[in-house]
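Overview (structure and organization)
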Amino acid sequence: MKLKDLEPYVNEAIKLRSPNQEKAEAYGEAMSAGAKFPAIKLGYWPISEKYGEKGIVDGVHRFIGATY
């Protein structure tokens, strides 16, 4: 899956978790240097009108880091 294909999985529930920007930047720098990271995990949670039913359940910092 390409990075752009993950964008629909970044929703308000994920944004509420307030990702650590320093951690995401460090991951981005490491990725640029060739470091490999575990896959980003997508999943489902109880359906919510506000947040939908799917999203990134593990790897938000890796996703943000990859966008730098």
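Residues numbered from 1 in each chain as written. Predicted model: local features only at pLDDT ≥ 70, side-chain atom pairs only at ≥ 80, totals over all residues. Heavy atoms only, no water.

**Concerning the overall build of the protein chain**
- Within the protein chain one finds 4 helices and 2 strands.
- Counting helices and strands in the order they occur from the N terminus, the protein chain gives α-α-α-β-β-α.
- Within the protein chain, the fraction of its 68 residues that count as buried is 25%.
- Considering only residue pairs separated by 6 or more positions, the protein chain has 60% of its internal contacts joining residues 24 or more positions apart. (Helix = DSSP H or I, 4+ residues; strand = E, 2+ residues; numbered from the N terminus. Buried < 20%, exposed > 50% of the residue type's maximum accessible area, 1.4 Å probe, protein only. Contact = heavy atoms within 4.5 Å.)

**Examining the confidence of the model for the protein chain**
- Taken residue by residue, the protein chain gives an average pLDDT of 81. The fraction at 70 or more is 85%.
- Of all helices and strands in the protein chain, the one with the weakest mean pLDDT is helix H2 (residues 12-15) (58), whereas helix H3 (residues 21-32) scores best (95). (pLDDT = per-residue confidence, 0-100.)

**Some points on the pattern of salt bridges**
- Throughout the structure, instances matching the rule amount to 1 salt bridge.
- Where Arg 62 meets Asp 58, a salt bridge forms, and the shortest distance between an N and an O atom there is 3.1 Å.
- Among the residues examined, Arg 62 registers a relative accessible area of 9% and is labelled buried.
- For Asp 58, a relative accessible area of 33% puts it in the partly exposed group. (Salt bridge = Lys/Arg side-chain N within 4 Å of Asp/Glu carboxyl O.)

**Description of the packing of aromatic side chains**
- One pass over the structure, following the stated rule, counts 1 aromatic pair.
- Between Tyr 27 and Phe 37, the ring centres sit 5.0 Å apart and the planes meet at 45 degrees, which makes this aromatic pair tilted. In this pair, Tyr 27 sits in helix H3 while Phe 37 sits in the loop between H3 and strand E1 (41-48), placing the two residues 10 residues apart along the sequence. (Phe/Tyr/Trp six-rings, centres within 6.5 Å; stacked < 30°, edge-to-face > 60°.)

**What about the environment of Ala 24?**
- Looking at where Ala 24 falls in the secondary structure, it is placed in helix H3.
- Spatially, the C-alpha atom of Ala 24 lies 4.7 Å from that of His 61, the residues being 37 residues apart in sequence.
- Setting aside its immediate chain neighbours within four residues, Ala 24 contacts His 61, Ile 64, Gly 65 and Tyr 68.

**Details of H3**
- Counted at 1.5 Å a residue, the expected span for H3 with its 12 residues is 16 Å, and the 16 Å between its end C-alpha atoms agrees.
- Looking at where H3 begins, the residue whose side-chain oxygen comes 2.9 Å from the main-chain nitrogen of Glu 22 is Asn 20.
- Looking one or two residues past H3, Gly 34 carries a phi angle of roughly 100 degrees, positive in sign. (Expected span 1.5 Å × (residues − 1). Polar contact = N/O pair within 3.5 Å; in protein donor to acceptor, adjacent residues only side chain to side chain.)

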